[in-house]
Amino acid sequence: MGRTLQNTMVNLALENACDEATYQLGLDMEELEDMEEDAGLGNGGLGRLAACFLDSMASLGLAAYGYGIRYEFGIFNQKIVNGWQVEEADDWLRFGNPWEKARPEYMRPVHFYGRTEHHPDGVKWVDTQVVLALPYDTPIPGYRNNIVNTMRLWSAKAPCEFNLKDFNVGGYIQAVLDRNLAENISRVLYPNDNFFEGKELRLKQEYFVVSATLQDIIRRFKVSKFGSREISRTDFSKLPDKVAIQLNDTHPAMAIPELMRVLVDEEKLEWDKAWDICVRTCAYTNHTVLPEALERWPVELFAHLLPRHLEIVYEINRRHLERVAAKFPGDHDRLRRMSLIEEGGQKRINMAHLCIVGAHAVNGVAQIHSDILKATVFKDFYEMEPHKFQNKTNGITPRRWLVMCNPGLAEVIAERIGEDFIRDLDQLRSLTELVNDEAFIRDIAKVKQENKLKFAVHLEEHYKVKINPNSMFDIQVKRIHEYKRQLLNCLHIITYYNRIKKEPNKQWTPRTVMIGGKAAPGYHTAKMIIRLITAIGEVVNHDPVVGDRLKVIFLENYRVTLAERAIPAADLSEQISTAGTEASGTGNMKFMLNGALTIGTMDGANVEMAEEAGEDNLFIFGMRVDDVDALDKKGYHAEEYYNRLPELKQAIDQIAGGFFSPKQPDLFKEIVNMLMHHDRFKVFADYEDYIKCQEKVNALYKNPKEWTKTVIYNIAGCGKFSSDRTISQYAREIWGVEPTLEKLPAPDDKH
């Protein structure tokens with residue numbers, strides 16, 4: 001979520017009033033804002049997407065709740081020590097959180113372990129351990145519409161009787177100390193992005209948020225009058241008309257068996273009725289096609305922790321496979337592929353399969369990603385139920401990602417087309433008419449220069465590197481992952497460095513390359529990539545021949561607040577994943593909206609960005625999805641590129657030979673070995689085209705006026721990438737509700 005203060009002031013139109021008030025108190029608003037901790041309760045794009053969605057749902061007048069876990073420790077703080085990433089705990093609640101309100105009156109019990117008993121009148125889940133879920137509410141204000149929604153985060157609390165009611169062997173003191181075991185559930189965020197780690201505590205977290213949330217939803221459904229005189233609602237057939245549950249990836253997939261458990265075991269509905277309600281209520285958003293990211297829980301663990309849910313999953317699977325067999329008789333391999341249970345070494349539950357079967361809508365997050373789902377990963381399911389599959393291209397909120405982080409640019413735009421674009425971003429299209437307006441071109445360039453100067457000052461305070469503010473700010477910020485190919489960026493840096501060294505008297509376009517992002521603590525290769533970036537910086541930044549024509553900076557502790565500073569200052573946005581691997585990306589959209597040009601592959605939402613702004617106005621390079629597939633069939637051989645491209649060979653030899661790590665010459669041998677022999681993401685295959693494309697970037701940057709015109713086309717093409725558009729599509733096409741831009745009367749309105 002990042003920080004809340006400024007976002008709240010923007011959405012409530014109170015920024016000037018608060019600035020003035022603090023000023024009169026002898027305080028500085030910016031200094032105050034800088035004291036707030038980021039709420040970092042998620043990993044990468046998926047968590048930030050949810051935050052943008054909350055802003056858009058409130059701004060579009062949808063009665064929506066965002067549910068999650070109130071982690072005591074969010075995503076770790078990243079320190080760079082001697083060039084290496086070091087993690088430290090994110091104690092973000094240390095000084096309290098003024099935006100949250102505990103709601104103990106809505107506390108809910110969550111059950112774990114135990115066993116099931118089958119009786120004639122139904123199934124009982126007994127002898128369970130209970131953990132209490134305590135909700136904390138954070139207000140989510142819409143943009144100037146007097147609507148405030150709620151984000152409800154659950155915190156784990158041990159019940160009073162915890163460990164005491166059992167004739168406690170360890171004694172009273174130990175029993176009280178053991179309360180920590182229950183409360184550990186909401187202690188810490190698992191810091192993996194796009195990677196599944198099948199740990200029991202993680203499964204506990206997933207069921208904890210699901211169980212508490214479903215109890216809350218059902219409580220609210222039961223007490224809502226909906227114009228009826230009943231005191232309490234017992235007819236669940238209307239649940240799908242009143243409630244929509246959107247699963248943000250498979251992490252809350254347990255909602256499907258849990259809703260079935262509540263309806264069948266507790267509310268005594270028969271299975272078919274309950275299943276119909278479940279499917280019509282739930283919808284599933286897929287966020288990745290990387291196999292290592294897909295959640296596949298061992299049946300053994302499941303049976304231990306959630307025995308009743310395992311029985312329900314087996315029953316869902318039995319009926320599902322019956323339907324498959326009826327539609328495709330005799331196709332046994334299809335049954336195996338489509339089963340919710342993967343047989344083999346140890347049996348596992350495929351949570352994506354559970355979500356597809358248990359939801360009425362399944363969507364990808366960019367057109368190319370949704371097409372890949374239907375053609376490959378979920379092909380069998382698409383053939384079975386094509387009507388379920390949709391696309392909902394991601395978006396970003398223009399409130400935080402333009403008005404708040406780049407007020408100068410927002411002002412320049414508002415001077416020309418008014419302020420309504422903040423609510424209706426498609427209005428940016430009209431900026432195409434100003435592409436030859438000298439004054440507008442000048443104003444856009446001036447705002448960028450001011451943002452760069454401000455960021456340069458920030459960097460010099462924090463990194464003690466002198467930045468050339470006239471250099472091109474070339475920025476890649478995102479989680480560190482092999483598929484995002486920060487290594488390709490490194491190879492360009494080294495190649496550019498070598499060219500400058502070879503012809504130091506040529507007129508090179510000066511660049512400051514900034515790379516930032518966190519590596520999952522257990523992801524060795526990602527941590528080595530960070531070490532390589534810092535090592536390249538140590539050499540390049542101290543080479544007098546290069547001077548200020550090339551600088552390399554690793555941006556430490558990348559988070560929402562750093563993004564809000566860096567993105568408005570960027571000239572070039574690096575979106576260089578292997579085609580077919582980045583489901584959508586949302587950073588790409590933030591850079592585009594803030595006046596950077598994109599160098600990127602035809603992957604994720606880059607494809608649609610090129611469509612909206614005109615392909616000529618992005619620097620597109622590299623293999624398309626079809627080319628990657630063809631290369632897979634043919635076989636990717638890195639040595640061929642290494643032997644054919646002298647500059648690539650030189651760069652790799654420098655990394656391998658210790659040019660960037662003279663004190664530890666073989667520091668990067670694993671990275672080189674990976675690139676040469678088992679690179680799943682084909683860095684070398686795109687190297688040549690990437691370098692050529694970067695030459696085009698340099699050429700255009702030398703012509704500031706043409707560069708800025710291209711920027712204007714990009715900003716004008718940003719309308720589609722508002723999360724308001726995304727949410728309007730979810731609302732109409734999945735949830736069955738109408739968004740509205742109407743304002744509620746202000747609370748102090750006398751009318």
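Residues numbered from 1 in each chain as written. Predicted model: local features only at pLDDT ≥ 70, side-chain atom pairs only at ≥ 80, totals over all residues. Heavy atoms only, no water.

**A few points about the side chain of D90**
1) Next: By secondary structure assignment, the location of D90 is in the loop between β3 (84-88) and β4 (101-102).
2) Next: Buried charge D90 goes without a salt bridge, the closest partner of opposite sign being R94 at 6.7 Å.
3) Next: If sequence neighbours within four positions are ignored, D90 has contacts with E72, F73, G74, I75, F76 and N77. (Helix = DSSP H or I, 4+ residues; strand = E, 2+ residues; numbered from the N terminus. Buried < 20%, exposed > 50% of the residue type's maximum accessible area, 1.4 Å probe, protein only. Lys, Arg positive; Asp, Glu negative; His and termini not counted. Salt bridge = Lys/Arg side-chain N within 4 Å of Asp/Glu carboxyl O. Contact = heavy atoms within 4.5 Å.)

**Some details on the UniProt feature "modified residue: N6-(pyridoxal phosphate)lysine" (unreviewed entry) in the chain**
1) Next: Mapped onto the present numbering, the UniProt feature "modified residue: N6-(pyridoxal phosphate)lysine" (unreviewed entry) falls at K590.
2) Next: With respect to the helices and strands, K590 occurs in helix α23 (residues 587-593).
3) Next: A residue is classified by how much of its surface remains accessible, and K590, at 7% relative accessible area, is buried.
4) Next: Setting aside its immediate chain neighbours within four residues, K590 contacts R48, I396, W401 and I567. (UniProt positions renumbered as here; feature names shortened; annotations may be inferred.)

**Remarks on the side chain of R725**
1) Next: Position of R725 among the secondary structure elements: in helix α31 (residues 723-735).
2) Next: One buried charge, R725, has no salt-bridge partner; the nearest side chain with opposite charge is E608, at 6.0 Å.
3) Next: Reaching out from R725, the side chain makes a polar contact with the backbone oxygen of T393 at a distance of 2.8 Å.
4) Next: With sequence-adjacent residues up to four places away left out, R725 is seen in contact with T393, N394 and K720. (Polar contact = N/O pair within 3.5 Å; in protein donor to acceptor, adjacent residues only side chain to side chain.)

**Description of the pattern of salt bridges**
Two side chains with opposite charge may pair up if their charged atoms get near one another.
1) Next: For the structure shown, the criterion picks out 66 salt bridges.
2) Next: In this structure, R103 and E105 form a salt bridge, with 3.0 Å as the shortest nitrogen-oxygen distance.
3) Next: Given the relative accessible area of 23%, R103 is considered partly exposed.
4) Next: The closest approach of N and O atoms between D653 and K649, which form a salt bridge, is 2.8 Å. Residue D653 and its partner K649 are both found in helix α27 (residues 646-657); the two are separated by four residues, about one turn of the helix.
5) Next: A relative accessible area of 31% places D653 in the partly exposed class.
6) Next: Its relative accessible area of 34% is what places K649 among the partly exposed residues.
7) Next: Bridged by salt links that share partners, the residues D331, D333, R334, R336, R337, K379, D380 and E383 form one connected network.

**A short note on the layout of surface pockets**
1) Next: If you add up the space inside the second largest pocket, you get close to 1400 Å³.
2) Next: The wall of the second largest pocket is formed by 49 residues, among which Q6, E30, M404, C405 and K454 lie closest to the centre.
3) Next: When contributions to the lining of the second largest pocket are tallied by element, the ones reaching two or more residues are α1 (5-11), α2 (15-24), α3 (29-33), β2 (77-81), α17 (398-404), α18 (407-417), α19 (438-463) and α22 (560-566).
4) Next: Broken down by element, the lining of the second largest pocket gets its largest block of residues, eight residues, from α19.
5) Next: Partitioning the lining of the second largest pocket into residue classes produces 19 nonpolar, 11 polar and 19 charged. (1 Å grid on protein atoms, 1.4 Å probe; cavity = no way out; pocket = protein on both sides within 12 Å on 5 of 7 lines; lining within 4 Å. Points joined across faces, edges and corners; volume = space filled by probe spheres on them. Nonpolar A, V, L, I, M, F, W, Y, C, P; charged D, E, K, R; others polar.)

**As for empty space enclosed by the protein**
1) Next: If you walk through the whole model with that rule in mind, you get eight cavities of 30 Å³ or more.
2) Next: Together, 15 residues line the largest cavity, and M1, N7, A51, I140 and R400 are the ones closest to its centre.
3) Next: Each residue belonging to the lining of the largest cavity can be placed in one class, and the counts come to six nonpolar, five polar and four charged.

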